[in-house]
Amino acid sequence: MGWISPFKLNQLGMLNMNRRNVDYIARYNSRMSYPLVDNKLKTKLVVAEYDVRTPRLLQVVRQQHEISHFRQMAEDLNGFAIKPAKGSGGKGITVITGRDGDEYVKASGARVSVAYLERHLSNILAGLYSLAGTPDVAIVENLVESIPELARYSFQGVPDIRIVVFQGYPVMAMLRLATKASDGKANLHQGAVGVGLNIANGRSLNAVQFNRPITLHPDTGLALDDIAIDDWQEMLVMASRCYEATGLGYMGVDLVVDVNEGPLLLELNARPGLAIQMANGRGLLPRLRQIEALRKPHFTPEDRAAFAMETFTAKV
Amino acid sequence: MTSRSRIPFFVAILLLIAAGISIAVWRHVELGIPWFTGEQKPVWMVEARIDFTGTGEPVLASMNIPDQPPGFRIISEQAASPGYGFSIVEDSGERRAEWSKRDINGPQTLYFKVQLVPDERVRTGNPRRRPKPEPVFWEEPQATAVEELLQQAAARSSTPESMTRELIKLLQPDGGAQNTTLLVSNDNYIDLLNRMLNHAGIPARIADGLALEDARRRQQLRPFLQIYDGTSWLTFDPRTAEQGLPENVLLWRQAATSLLDLVGGDDSEVSFSMLRQTVPALQLAQSQSSENGLGFLSLYQLPIEEQGMFRMLLLLPLGALVVAFMRIVVGIKTSGTFMPILIAVAFVQTTLIPGLIAFVSVVAIGLVMRGYLSSLNLLLVSRISALIILVIFITAGLSIVGYQMGFNTGMTVTFFPMVIIAWTIERMSILWEEEGAREVLVQSTGSLFVAVCAFLLMSTPLAEHLTFNFPELHFVVLGLILLMGQYTGYKLSELRRFHPMKAYD
């Protein structure tokens, strides 16, 4: 049983749940903007206007009877992802990576029938995964295929990059790698590996699994200390643009790097978790305060990304 | 930005909490509502007994009864006298009990009972009209002796009070005045004193007091002297000149012309018996709340059925407080925000252990059945609806099995909210599929732990007593919950969660 004193945490500038909720989410995120991020379909449409690309939309299932179209549409597809528009924390997302005769192969390697997918769609429509249990719509997206440089670190699932954006400034980033324990999902609390990324250059800092520091990926066995993300500046600018698109002052931006299309926005999160601090080995508070203290904010996403790269080197 | 926007908030919270506590204290003082359960208060039961012999004529017995006796509060009055007409009449400022009957022969007994609570704060009300000394006429040779005694007393005193004290001392056999032997005989002493004071221009009167002693019977009234000092009536012991009323003396008759007027009877006699009882302080407060102006603030006026409902309802804020504390400050995960309160409320009805067993078994059986339902490929709404029916079957089954086995506590599982249980089972089942059994275990033990904590708080007799009798204390609970809503510090669980950060220090 390890414990840490609150004074030490304060000293490290660790942002905690209560302060995040009261001082950042409640203050900087207007309720009006929530539907934009809580509904993936709306997110897709709104960020498209700000030149932020997302995985290609294949189908939107709004009503029970539209599920029958899904079978025809999916007939000649190899990979796709079914997502509930109002889902949270990756709940209800089913990723199909291939076909095996009549059956579809899930990311975990399990084979499922079309009927299974149809039931899944029906559950989504009934609101099983939606935040308040309200009726939902299901979206079917093109499968993202990660670039091999990153994909090789991850067990099965697509690695994604979480960037916390505060008032339009990217303040902290991490790479999330799926593991066997996380069932091919990139959810840290299920056992995915979080690798802190240096905002200045997109290089890995250190890595954690289940909040414990690690140096090697538990499944692939690869060292996690020399990962570098290409097109880093472009990704920061993309994340920064989402601020203009949604108006949310404090959010998490989830990006993936597709082998064909480059960086894509997966989803936005108005209540990003705190584990990113563990992956980076430093607290968010000093960076957030530094931005709050800015007298003259930068107006373009490019300026903000540049400012962040300059200011938030690994040392801060 | 931080400090400026929050100061008015904290001041408001402080005011809220202060208001809650001060209203509670005020009601405790004014209405005597006790802070703790089971507090007892002494109550004196005094019974006046009138004996007389009827002479075959219509009878009207009229007895003076206490009206605002200093140091006591009257909480009930009743007369016992079969066959008599009875009423309490108010006649030129004095209260009298009147019994009447047409034909009476032989010995008769009438009773009048009064219940009194000692209360220091009760004082004799000030007279509406300023009393004036009664004119007194003396015959010689008393007149000279009286004048002389009064002059001596006046010479040694400065106020009506000291004058009275000096006069009483002078009238004692060893008081050193020769004139006393001429004036004083044993049976006119108090009357003489009264007349002399009136003669000296000090309004005076005789009051009758009753020394209260537990379980005494056949007691007589004792005369006390009262003088008016310009603002209020002061009481003196006519023998010792001691000022003030001794403790446990009840002034039965003040400002009244006679104790008993009897028409149509002979040989009348009044005697008193008394008993000291203890009554729950709460009951006392309740019986008085309707008379008191503050009564409207309490729930005692409601019908009993509603009171019972509020007793339960007013416990909920405590449960909410526990949930808020556990989630915000301690950081325990629960399934559904207020699920623990609902479970805790059910526990209050079922008691803890049977409730826990019943709840865990309903949810466990439900989870097994839900597993079968999920293989049927049902739509969500119909799945939950089916689950609700199953949950009702499970509780009915458990009740029947429990009853057959001789536990009638099995019946009480019906207190659990069925729809909520059905939803819980559904959520747990999904949680199991998505996050694994560990997360289910964490959340369900968290919920049960918080529920048990809330139950333990809600089921203490003190909690029920305070929430129901001092509903204003909920302002304090509200204030605390609002304060917690502003808590931005680390949760206890985060001190553990973030402990690997030590490595980066």
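To start, this report covers the structure provided alongside it. Values in this document were obtained by computation on a predicted structure and should not be read as measured data.

A short note on the overall build of chain A
Then comes step 1: If you tally the helices and strands in chain A, you get eleven helices and 13 strands.
Then comes step 2: What you see for chain A is a C-alpha radius of gyration of 19 Å, in line with the 20 Å of a compact globule of 316 residues.
Then comes step 3: For chain A, the spread of C-alpha atoms along the principal axes amounts to about 55 × 45 × 40 Å.
Then comes step 4: The 316 residues of chain A split such that 56% are buried.
Then comes step 5: Nonlocal contacts in chain A, meaning residues at least 24 apart in sequence, comprise 63% of its contacts between residues at least 6 apart.
Then comes step 6: By element, 50% of the accessible surface of chain A is carried by carbon and sulfur atoms, the whole surface being about 12,900 Å².

Looking at the interface of chain B and chain A
Then comes step 1: Between chain B and chain A, the contact holds 32 residues from the first and 45 residues from the second.
Then comes step 2: Here chain B meets chain A over a buried area of about 3,600 Å², counting both sides, of which 56% is carbon and sulfur.
Then comes step 3: When the buried surface of chain B facing chain A is broken down by residue, Tyr490(B), Met501(B) and Tyr504(B) rank first, second and third, together holding 19% of it.
Then comes step 4: Counting the contacts that link chain B with chain A gives zero salt bridges.
Then comes step 5: Of all elements in the fold, only helix H1 (2-31), helix H11 (380-404), helix H12 (418-435) and helix H16 (492-497) of chain B reach the threshold of two or more residues within the side of chain B that touches chain A.
Then comes step 6: The biggest single contributor to the side of chain B that touches chain A is H16(B), with five residues.
Then comes step 7: Here the residues of the side of chain B that touches chain A sort into 14 nonpolar, seven polar and eleven charged.

Observations concerning the sheet that holds strand E8 (residues 169-177) of chain A
Within a sheet, each strand pairs with its neighbour through backbone hydrogen bonds, oriented either parallel or antiparallel.
Residues and elements named next belong to chain A.
Then comes step 1: The seven strands are arranged E11-E10-E9-E8-E7-E12-E13 in an open sheet whose pairing can be described as antiparallel. If you trace the sheet from one side to the other, it starts and ends with strand E11 (212-214) and strand E13 (262-269), each paired once. The sheet shows a mean angle of 30° between the axes of neighbouring strands, taken without regard to direction.
Then comes step 2: Where strand E9 (residues 193-197) lies against strand E10 (residues 204-209), four bridges are found, and the strand directions are antiparallel. Each residue of the ladder has a partner; that of Leu-197, found in E10, is Ser-204.
Then comes step 3: Relative to the sheet, helix H10 (residues 285-292) contacts strand E7 (160-166), E8 and strand E12 (250-258), its axis offset from that of E8 by approximately 150°.

Quick notes on the pattern of salt bridges
Then comes step 1: If you walk through the whole model with that rule in mind, you get 23 salt bridges over all chains.
Then comes step 2: Linking Glu141(A) and Lys44(A) is a salt bridge whose minimum nitrogen-to-oxygen distance equals 2.6 Å. Residue Glu141(A) is located in strand E6 (residues 138-142), and its partner Lys44(A) is located in helix H4 (residues 40-48); the two are separated by 97 residues in the primary sequence.
Then comes step 3: With a closest N to O distance of 3.5 Å, Asp261(B) and Arg96(B) form a salt bridge. Taken together, the positions of Asp261(B) in strand E12 (residues 260-263) and Arg96(B) in strand E5 (residues 94-101) put the pair 165 residues apart, joining distant regions of the chain.
Then comes step 4: Overall, Asp261(B) belongs to the partly exposed group, its relative accessible area being 37%.
Then comes step 5: Arg96(B) sits in the buried class, given a relative accessible area of 4%.

With respect to unusual backbone geometry
Then comes step 1: Of note in the backbone geometry, Phe210(A) takes a positive phi value of approximately 50° without being a glycine.
Then comes step 2: Inspection of the secondary structure puts Phe210(A) in the loop between E10 and E11.

Quick word on the side chain of Asp254(A)
Residues and elements named next belong to chain A.
Then comes step 1: Summarising the element assignment, Asp-254 is placed in strand E12.
Then comes step 2: Overall, Asp-254 belongs to the buried group, its relative accessible area being 2%.
Then comes step 3: Within polar-contact distance, the side chain of Asp-254 engages the side chain of Arg-162 at 2.5 Å.
Then comes step 4: Each residue touching Asp-254, except ones within four places of it in the same chain, is listed here: Asp-160, Ile-161, Arg-162, Arg-176, Leu-264, Leu-265, Leu-266 and Glu-267.

About the criteria used
- Residues numbered from 1 in each chain as written.
- Chains lettered and ligands numbered in written order.
- Predicted model: local features only at pLDDT ≥ 70, side-chain atom pairs only at ≥ 80, totals over all residues.
- Heavy atoms only, no water.
- Helix = DSSP H or I, 4+ residues; strand = E, 2+ residues; numbered from the N terminus.
- Rg over C-alpha atoms; globule rule 2.2 N^0.38 Å.
- Buried < 20%, exposed > 50% of the residue type's maximum accessible area, 1.4 Å probe, protein only.
- Contact = heavy atoms within 4.5 Å.
- Areas by Shrake-Rupley, 256 points an atom, 1.4 Å probe, with all protein chains shown as cover.
- Buried area = accessible area lost by both parts, 1.4 Å probe.
- Salt bridge = Lys/Arg side-chain N within 4 Å of Asp/Glu carboxyl O.
- Nonpolar A, V, L, I, M, F, W, Y, C, P; charged D, E, K, R; others polar.
- Pairing = 2+ DSSP bridges.
- Axes fitted to C-alpha atoms, helices over the stretch in contact; angles between N-to-C directions.
- Polar contact = N/O pair within 3.5 Å; in protein donor to acceptor, adjacent residues only side chain to side chain.

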